[in-house]
Amino acid sequence: MLDLTKLAKQIPGISQHLKGEALASRHRWELAQKLLLETNRRQDELIQSHQQWRDRINFTAAVPVEPLDTRLDLDSPPESHTIFATDGSQMSPSHHEIAYCYLINVGRVMLHYGQSLHPLLDSLPEVFYRPEDLYISRQWGIRTEEWMGYRRTVSEVSVLAEMACRWVNPPGSHFDIPNLAMVDGSLIYWFLESLPTEARDRILPPILAAWDQLRSVNVPLMGYLSASRSNEALHFLRLQACPYDTPNCLNHCAPVTEKLPCQVVEPLRDTMLWSSLLEPGQRSPLFRSSVRILDLYDHHRIYFCYVHVGTEIARVEVPEWVAQDTMLFNQALSLMLAQVYKGYGYPIAIAEAHNQAVVRGGDRVRFFTLLEQQMIRAGLQNVGTSYKEARKRGSIS
């Protein structure tokens, strides 16, 4: 039981610490605003400097493709439109169960507005039990549970593309209806950086193939990040804060082991800066991400901006082909904002896709019960869980 008396003695210390952090954060925010104004005046020069010295810079700075003082109001969404969304959940393998296998469940949602059409809300489960599914990742030193998460990412994107493309393909009056395909989280798959080439080649190509499908039917893809902790946009301001004539980090700052001289606003986040600069319904300038892994994305390099959705500052990511089509990009943002309003602070399609995907404890029990029945029917002997698992499911209390 939690001892509230002892806990209460620690609360004042926590409060004082948070107060100090708030004051320091306020100072960094004011400094970042000043630095933003200075950077805006030298934006073109600093972009050229970033291109020239990128290989010598030891931090990742996003490149603005619009003036840094850009603040744009988002348009109202069209009355008739369709939203697609997927999210995934998983059931990890266990040697204590009756069979060593794992399950990936992808929730899919298709919501139609102004079209008098029924929505789609369901999930697609898939069981992985073959040796190549369970053990192939071990040759690269990747645990099965970790590999399962990567496979889930592929499944989410593939199901999203299949759902969207089957819907928008003619014949049918829905072909000209504005559409948006949404996923929860970033389109930059950071985990790919640490994967061996062979493993990466099993994950990234099917993802990009699904994105190509969406592009072929002109359905914009968008990643929605709530409570983003990125500082990729603020890192561009470090080029202005650099005290040297050239941002050659490897020469000038190689011996520095602690805070670098350009880290004047660390650890301030992008969302903190834009929260004071954007009004509800406005977006920030568009940035092109410079993350190294995006060199493998071909024509799908990732662009992003920050949007004041009313309840928070959300980071919104799109592939290059969406960002470069101004009309498509603006329309996608308007549909995204409408989804946030309908979901009372979070896109309702993504939230519903998550709800459809969740595998609960009762679902797990029913799955293995069904599997056990089929194994007995097939004539298998000694079917059952381990003594440990059986004991954990009971209690003497």
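So, here's what we can say about the structure. Everything numeric in this text was worked out from a predicted model, so none of it was measured. Note that residues are indexed from 1 along each chain, following the sequence as it is written. The predicted origin of the model limits local features to residues at a pLDDT of at least 70 and limits the giving and counting of side-chain atom pairs to 80 or more, whereas totals for whole chains, interfaces and linings rest on all residues. Each side-chain value is derived from all of the structure's non-hydrogen atoms; neither hydrogens nor water enter the calculation.

We now examine the overall build of the protein chain. Secondary structure elements are defined from DSSP: runs of H or I of at least 4 residues count as helices, runs of E of at least 2 residues count as strands, and each element is numbered from the N terminus. Within the protein chain, the regular secondary structure consists of 14 helices and 11 strands. Using a 1.4 Å probe on the protein chains alone, a residue whose accessible area is under 20% of its type maximum counts as buried, one over 50% counts as exposed, and one in between counts as partly exposed. Within the span of the protein chain, comprising 397 residues, buried residues form 49% of the whole. All accessible areas in this document rest on Shrake-Rupley with a 1.4 Å probe, and a residue is counted as covered only by the protein chains that are shown. For the protein chain, the accessible area works out to roughly 20,500 Å², and carbon and sulfur atoms hold 52% of it.

Next up on the list: the packing of helix 5 (residues 144-168) against helix 6 (residues 197-216). Only the stretch in contact is used when a helix axis is fitted, and all axes are lines through C-alpha atoms; the angle between N-to-C directions ranges over 0 to 180 degrees. Remark: helix 5 packs on helix 6, axes separated minimally by 8 Å, with the N-to-C direction vectors making an angle of 15 degrees. With respect to their mutual orientation, helix 5 and helix 6 come out roughly parallel. You can see that helix 5 and helix 6 cross each other, and the crossing is left-handed. Where helix 5 abuts helix 6, its residues W147, Y150, R151, T153, V154, V157, S158, L160, A161, A164 and C165 lie against A199, R202, I203, P206, I207, A210, W211, Q213 and L214. Residue composition of the contact of helix 5 with helix 6, by class: 15 nonpolar, three polar and two charged. With respect to orientation, any angle under 35 degrees is reported as roughly parallel, any angle over 145 as roughly antiparallel, any angle of 65 to 115 as roughly perpendicular, and every other angle as oblique. By convention the crossing between two helices is left-handed if the near helix lies anticlockwise of the far one by an angle smaller than a right angle, and right-handed if it lies clockwise. By the convention used here, residues are in contact when the closest approach between their heavy atoms is within 4.5 Å. All residues other than Ala, Val, Leu, Ile, Met, Phe, Trp, Tyr, Cys, Pro, Asp, Glu, Lys and Arg, Gly among them, are scored as polar; the first ten of these are nonpolar and the last four charged.

We now examine helix 6. A helix is expected to span 1.5 Å for every residue after the first. Along its 20 residues, helix 6 runs 28 Å from first to last C-alpha, staying within 8% of the 28 Å computed at 1.5 Å per residue. Taken as a whole, helix 6 has its buried residues at A199, R200, I203, L204, I207, L208, A210, W211 and L214. Those residues of helix 6 that are buried lie in contact with helix 5, strand 6 (179-184), strand 7 (221-225), strand 10 (302-308) and helix 10 (320-323). Of the residues trailing helix 6, N218 is marked for its positive phi of about 60 degrees.

Where helix 3 (residues 43-53) is concerned, the buried positions are Q43, L46, I47, S49, H50 and W53. For helix 3, the arc enclosing every buried residue in end-on projection is 160 degrees, short of the 170-degree limit, so these residues lie on one face. In helix 3, the exposed positions that point more than 90 degrees away from the buried face belong to D44, Q48, Q51 and Q52. Regarding the arc, it is the one traced by the directions from the helix axis to the C-beta atoms.

Another point: the pattern of salt bridges. Here, a salt bridge means any Lys or Arg side-chain nitrogen found within 4 Å of an Asp or Glu carboxyl oxygen. Within this structure, the stated rule accounts for 14 salt bridges. Among the charged side chains, a salt-bridge network with shared partners connects R54, D295 and R301.

A separate point is the environment of W274. Mapped onto the elements, W274 comes out in helix 9 (residues 270-275). Given a relative accessible area of 1%, W274 falls into the buried group. Apart from the residues within four sequence positions on either side, W274 is in contact with L68, R71, S284, P285, F287, Y306 and I313.

Positionally, D270 belongs in helix 9. Here the side chain of D270 touches A233 through a polar contact of 3.0 Å, landing on its backbone nitrogen. Those residues in contact with D270 that lie beyond four places of it in its chain are S230, N231, E232, A233, L234 and Y306. In protein, a polar contact requires one atom able to donate a hydrogen and another able to accept it; more generally it is a pair of N or O atoms within 3.5 Å, and residues adjacent in sequence count only if both atoms are side-chain atoms.

Among the six residues in strand 6, five count as buried, and that is most of the element. Both strand 3 (residues 81-91) and strand 6 contribute to a ladder of five bridges, which runs parallel. Following the sheet pairing, T86 is matched in strand 6 by V183. Regarding the hand of the β-α-β motif, the stretch spanning strand 6, helix 6 and strand 7 is right-handed. At least two bridges found by DSSP between two strands are what make those strands a pair. Crossover handedness is defined here as right-handed if the route from the first strand over the helix to the second strand goes clockwise, with the strands pointing away from the viewer.

As a further point, take the side chain of N179. Of note, N179 is situated in strand 6. Look at N179 and you get buried, because its relative accessible area is 7%. Polar side-chain contacts of N179 include one of 2.6 Å to the backbone oxygen of I177. The residues contacting N179, other than those within four sequence positions of it, are T82, F84, W167, V168, V219, P220 and L335.

As a further point, take the nonpolar core. Formed by 79 residues in total, the largest nonpolar core has its most connected members in F84, W211 and M336. Top element by residues in this core is helix 5. It accounts for 13 residues. Not counting chain neighbours up to four residues away, the residues in contact with M336 comprise L180, M182, M222, Y224, V307, V309 and V316. For our purposes a nonpolar core is just a set of buried Ala, Val, Leu, Ile, Met, Phe, Trp, Tyr and Cys residues, chained together by side-chain atoms within 4.5 Å. Counting 32 residues, the second largest nonpolar core, distinct from the first, contains A61, C262, V265 and I313.

With that settled, the discussion passes to the environment of M222. Within the element layout of this structure, M222 appears in strand 7. On the basis of relative accessibility, which here comes to 0%, the residue M222 falls in the buried class. Sequence-distant contacts of M222, that is, excluding residues within four places in its chain, are made with L180, A181, M182, V183, L187, V316, E317, V318, A332, L333 and M336.

For strand 11 (residues 313-319), a buried count of seven out of seven residues is recorded, marking the element as mostly surrounded by other parts of the structure. Of the two faces of strand 11, both are covered, the one formed by I313, R315, E317 and P319 as well as the one formed by A314, V316 and V318. Sheet analysis places strand 7 next to strand 11, joined by three bridges and oriented antiparallel. Bridged to G223 within strand 11 is E317. Taken together, the seven bridges between strand 10 and strand 11 define a ladder with antiparallel strand orientation. Note on strand 11: the bridge partner recorded for V307 is A314. Hairpin connection of strand 10 to strand 11: four residues between the antiparallel strands, including G310 at a positive phi of 105 degrees.

Below, the discussion takes up the packing of aromatic side chains. The way to describe two aromatic rings as a pair is by their centre distance and the angle between their planes. Note on ring pairs: Phe, Tyr and Trp rings are taken, using the six-membered ring of Trp, and paired if centres are within 6.5 Å. Classes follow the plane angle, with under 30 degrees stacked, over 60 edge-to-face and the rest tilted. This structure, assessed with the given rule, holds 10 aromatic pairs. Taking 6.3 Å as the distance between ring centres and 40 degrees as the angle between the ring planes, the aromatic pair formed by Y189 and W211 counts as tilted. Residue Y189 is located in the loop between strand 6 and helix 6, and its partner W211 is located in helix 6; the two are separated by 22 residues in the primary sequence. For Y189, a relative accessible area of 8% puts it in the buried group. By relative accessible area, which is 1% here, W211 ends up buried. Summarising the aromatic geometry, the rings of F287 and F304 are spaced 5.4 Å apart at their centres and angled 10 degrees between planes, so their arrangement reads as stacked. One end of the pair, F287, is in strand 9 (residues 287-288); the other, F304, is in strand 10, with 17 residues separating them in the sequence. For F287, a relative accessible area of 1% puts it in the buried group. A residue is classified by how much of its surface remains accessible, and F304, at 0% relative accessible area, is buried. Among the aromatic residues, those joined into a ring-pair cluster are W140, W147, Y150, Y189, F191, W211 and Y297. Only lysine NZ and arginine CZ atoms are considered, and such an atom sits over a ring when it is within 6 Å of the ring centre and within 35 degrees of the ring normal. Lying across the ring of F59, R238 places its NZ or CZ 3.9 Å from the centre.

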